[in-house]
Amino acid sequence: MPKSKLQTISGETIPEPRITLMAVWLIFLWVGLPILVIGGLLDLAVQLIFGVCTGLWCIAG
């Protein structure tokens, strides 16, 4: 991403945009959590259909 021109208001420089903790949390909720839920449901479906446990709880246990 190219650097934008330095912006000032009343002689004060505006800080550059950055990722906040709230953005990280929202990314986890909207991307990470659905992937975890879908993966868990797929593991459960494989276990119920084929009788083979492929989840992390089976490998670790």
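Source: prediction; values computed, not measured. (Residues numbered from 1 in each chain as written. Predicted model: local features only at pLDDT ≥ 70, side-chain atom pairs only at ≥ 80, totals over all residues. Heavy atoms only, no water.)

(A) Spatial organisation of the overall build of the protein. Looking only at helices and strands, the protein has 2 helices and 2 strands in total. Beginning at the N terminus, the succession of helices and strands in the protein can be written as β-β-α-α. Whereas a compact globule of 61 residues would reach a radius of gyration of roughly 10 Å, the protein reaches 22 Å, over 25% beyond that. Each principal axis of the C-alpha atoms in the protein carries an extent, and together these give about 70 × 20 × 15 Å. Looking at the protein residue by residue over its 61 residues, the buried ones come to 2%. Element-wise, carbon and sulfur atoms account for 73% of the exposed surface of the protein, whose accessible area totals about 5,900 Å². (Helix = DSSP H or I, 4+ residues; strand = E, 2+ residues; numbered from the N terminus. Rg over C-alpha atoms; globule rule 2.2 N^0.38 Å. Buried < 20%, exposed > 50% of the residue type's maximum accessible area, 1.4 Å probe, protein only. Areas by Shrake-Rupley, 256 points an atom, 1.4 Å probe, with all protein chains shown as cover.)

(B) Spatial organisation of the packing of aromatic side chains. All chains considered together, the criterion is met by 1 aromatic pair. Judged by centre distance (5.8 Å) and plane angle (35°), the rings of tryptophan 25 and phenylalanine 28 are tilted. Of this pair, tryptophan 25 and phenylalanine 28 both sit in helix α1 (residues 21-50), 3 residues apart, which is roughly one turn of the helix. For phenylalanine 28, a relative accessible area of 36% corresponds to the partly exposed category. (Phe/Tyr/Trp six-rings, centres within 6.5 Å; stacked < 30°, edge-to-face > 60°.)

(C) Structural detail: α1. The end-to-end C-alpha separation of α1 is 41 Å, in line with the 44 Å expected for 30 residues at 1.5 Å each. After α1 finishes, the residue glycine 51 shows a positive phi value of roughly 75°. (Expected span 1.5 Å × (residues − 1).)

(D) Quick look at the confidence of the model for the protein. Here the protein averages 85 in pLDDT, and 92% of its residues register 70 or above. Mean pLDDT across the elements of the protein bottoms out in helix α2 (residues 56-60) (74) and peaks in α1 (93). (pLDDT = per-residue confidence, 0-100.)

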